[in-house]
Amino acid sequence: MSYKTLGIAILFFSITSIPIDAPVLPALQNNTESPSPRHLDIDDYWGGHLKIYGSASWPSSDSLFNTVESETFYDGYAELRVKNRLFFGDWGDLDTHYEIILSGGDTRRMVRSLMQMNPDLFTDSTATGGILEDDRRLMDLTGTIDEDEGSVLYHRLDRLALRLFPEWGTVRVGRQAVTWGNGLLFNPMDLFNPFSPADIERDYKVGDDMVSAQFTVPRGGELQFLYVPRRSRVSGDLEWEQSSLAGKFHFSRDTTEFDIMAAEHYGDAVIGLGSTGYLKDAAWRLDGTWTGTDNDDGYLSVAANIDYSWVWGERNWYGFVEFYYNGLSHNQYSEAYRDSAIASRMERGELFTLGRTYLSGHIRVELHPLFNVYVTVIENLADPSGVVQPRAVWDMAEDMQVTFGGSLYHGRKGTEFGGIVIPGTNLIDKPSSNAFLRISYFF
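Residues numbered from 1 in each chain as written. Predicted model: local features only at pLDDT ≥ 70, side-chain atom pairs only at ≥ 80, totals over all residues. Heavy atoms only, no water.

Digging into the overall build of the protein chain
Next up, step 1: When helices and strands are tallied, the protein chain shows 5 helices and 21 strands.
Next up, step 2: Each of the 443 residues in the protein chain was classed as buried or not, and the buried ones make up 44%.
Next up, step 3: The contacts of the protein chain with a sequence gap of at least 6 include a subset with a gap of at least 24, amounting to 56%.
Next up, step 4: Entry remark: accessible area of the protein chain is about 22,600 Å², with carbon and sulfur atoms responsible for 57%. (Helix = DSSP H or I, 4+ residues; strand = E, 2+ residues; numbered from the N terminus. Buried < 20%, exposed > 50% of the residue type's maximum accessible area, 1.4 Å probe, protein only. Contact = heavy atoms within 4.5 Å. Areas by Shrake-Rupley, 256 points an atom, 1.4 Å probe, with all protein chains shown as cover.)

With respect to helix 2 (residues 106-117)
Next up, step 1: For helix 2, built from 12 residues, the straight-helix expectation of 16 Å at 1.5 Å per residue is met to within 8% by its first-to-last C-alpha distance of 17 Å.
Next up, step 2: Listing the buried residues of helix 2 in full gives Asp106, Arg108, Met110, Val111 and Leu114. (Expected span 1.5 Å × (residues − 1).)

Examining unusual backbone geometry
Next up, step 1: Between Asp383 and the following residue, Pro384, the backbone shows a cis peptide bond with an omega angle of -5 degrees.
Next up, step 2: Checked against the element boundaries, Pro384 lands in the loop between strand 16 (371-380) and strand 17 (385-397).
Next up, step 3: The phi torsion at Asp254 lies on the positive side, around 60 degrees, for a residue other than glycine.
Next up, step 4: By the secondary structure assignment, Asp254 is in the loop between strand 9 (244-253) and strand 10 (256-265).
Next up, step 5: For Tyr266, which is not a glycine, the phi torsion comes out positive at approximately 50 degrees.
Next up, step 6: Summarising the element assignment, Tyr266 is placed in the loop between strand 10 and strand 11 (268-279).

Notes on a nonpolar patch on the surface
Next up, step 1: There is a patch of nonpolar side chains on the surface, built from Leu50, Ile52, Phe404, Leu437, Ile439, Tyr441 and Phe443 and spanning about 610 Å² of accessible area.
Next up, step 2: Elements with a minimum of two residues in the nonpolar patch: strand 1 (42-58) and strand 21 (433-442).
Next up, step 3: The biggest single contributor to the nonpolar patch is strand 21, with 3 residues.
Next up, step 4: Relative to the elements of secondary structure, Phe404 occurs in strand 18 (residues 400-410). (Patch = residues over 30% accessible without salt bridge, like charges linked within 9 Å, V, L, I, M, F, W, Y side chains within 5 Å. Salt bridge = Lys/Arg side-chain N within 4 Å of Asp/Glu carboxyl O.)

A short note on helix 5 (residues 340-347)
Next up, step 1: Taken together, the buried positions of helix 5 are Ala341, Ile342 and Arg345. Mapping the buried residues of helix 5 onto a view down its axis gives an arc of 95 degrees, with all of them on the same face.
Next up, step 2: For helix 5, the elements touching its buried residues are strand 11, strand 12 (282-292), strand 13 (299-312) and helix 4 (333-336).
Next up, step 3: Two residues or fewer after helix 5 comes Gly349, characterised by a positive phi angle close to 75 degrees. (Arc of directions from axis to C-beta.)

What to know about the pattern of salt bridges
Note on pairing: side chains with opposite charge can pair once their charged atoms come close.
Next up, step 1: Applying the stated criterion across every chain, the model contains 27 salt bridges.
Next up, step 2: Note that Arg108 and Glu147 form a salt bridge whose closest N and O atoms lie 2.8 Å from each other. Within this pair, whereas Arg108 is found in helix 2, its partner Glu147 is found in strand 4 (residues 142-147), the two being separated by 39 residues in sequence.
Next up, step 3: Residue classification places Arg108 among the buried residues on the basis of a relative accessible area of 6%.
Next up, step 4: Between Arg438 and Glu201 there is a salt bridge, and its shortest N-O distance comes to 3.4 Å. Pair noted here: Arg438 is in strand 21 and Glu201 is in the loop between strand 6 (170-176) and strand 7 (208-216), with a separation of 237 residues, a long-range link.
Next up, step 5: Given a relative accessible area of 9%, Arg438 falls into the buried group.
Next up, step 6: Glu201 sits in the partly exposed class, given a relative accessible area of 30%.

Examining the environment of Asn193
Next up, step 1: On the secondary structure map, Asn193 appears in the loop between strand 6 and strand 7.
Next up, step 2: The spatial distance from the C-alpha of Asn193 to the C-alpha of Ala177 is 8.1 Å, given a sequence separation of 16 residues.
Next up, step 3: Excluding anything up to four places from it in sequence, Asn193 contacts Arg137, Lys205, Val206, Gly207 and Asp208.
Next up, step 4: Side-chain polar atoms of Asn193 contact the backbone oxygen of Val206, separated by 3.1 Å.
Next up, step 5: A polar atom in the side chain of Asn193 sits 2.9 Å from the side chain of Asp208. (Polar contact = N/O pair within 3.5 Å; in protein donor to acceptor, adjacent residues only side chain to side chain.)

Quick notes on the pairing of strand 4
Next up, step 1: Bridging between strand 4 and strand 5 (residues 151-164) involves 5 bridges; their strand directions are antiparallel. Within the sheet, the bridge partner assigned to Thr142 lies in strand 5 and is Arg156.
Next up, step 2: Linking strand 4 back to strand 5 in an antiparallel pair, the connection comprises 3 residues. (Pairing = 2+ DSSP bridges.)

Concerning the nonpolar core
Next up, step 1: Counting 19 residues, the largest nonpolar core has Phe186, Tyr324, Leu328, Ile342, Leu354, Tyr358 and Ile378 as its most contacted members.
Next up, step 2: Those elements that place two or more of their residues in this core are strand 13, strand 14 (315-326), helix 4 and helix 5.
Next up, step 3: Ranked by the residues each element gives to this core, the list is headed by strand 14, at 3 residues.
Next up, step 4: Residues contacting Ile378, with those up to four places away along its chain left out, are Leu185, Phe186, Pro197, Ala198, Tyr358, Leu359, Ser360, Ser385, Gly386 and Val387. (Core = buried A, V, L, I, M, F, W, Y, C linked by side-chain atoms within 4.5 Å.)

Fair warning: the whole summary comes from geometry, so function is off the table for now.
Next comes the structure, spelled out in structure tokens:
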């Protein structure tokens, strides 16, 4: 039996095995009212934001940047996103998000210098200095306006999706974002442009070109299907081995919710199980995936977390703890550069860490309704090494927000966050501690 057939069979079995008396969630019950006549009236909504970001980073004296410069790097970033939604009566709508981005600084210049000295160390995506490319996507909706050694100005459509509302559910076609899974920092069930666990800003996922459908089932629950066609970076042609086809069934029993997923993703078969529930006043989540390939025996990925909010000292507090297991890794970091399975997943933005076990935590305190302080910690349990990310968010006006903070990396040489020796060189790949300031205006 092929991986694809196995995944479909498991998904079908999971649906048909749900008890008939399973409760139907009110939000998922079929609407028995007759739809109103379709018409051509078009309403619209406009919005967006302008974000200006500045940062300073301090490369270690033993990092690979020491071959070109080891002083403080100053970088900047500005992003304008304009959002529009057209409402076509009761039968559909169209989402469009346009963004124009200017980025640059010392890091971009230093990477360019390193590329000239060691061209084999960098992929094409690294060399672009942060440009979001559409090489793999069905539609190329990104264009470079101006580019030089130290900066780049480019624009793109990050959303362009038509949503239809047939009687049986919802269909969306075009560039859109889908998030599956219940992870808070690590999310093994989120196969489609997941956030990096170290990402502080998570307002918008990068959009992908896909077809997605969602509908309720008579026995209670909800089914989602999606297809993501992708192109080969080499040939530029659409290829099945580069694409994704996935389905997910969501249902609940009492106060516990469940997810069952089956997918064929970049030629791999992926089966996922997830669940969320409550332990007194705390909420827990557990997700696991098994990925099978034709080249190995497969591997397991698991994320488990629990979060809780409370009042202490007349302040509102919130925190969570999350454990992550990555069965693809063997904690041999230098060998990861030669491991095609790891390298390919990191290159396409699906894997962000090289270790096997991680423990992370997060805490937020509301010092004032308009001023919140956050601290996030990610620790590789095998080294140990990790990163501490303090930050503060100030809502200085109704439509304006100021965020400032940083990332502090720790670990001895040879650990994941302390510095990895790049095979065949005497260079050390080591993340740089940094501080940043971001001003956001929403309209």
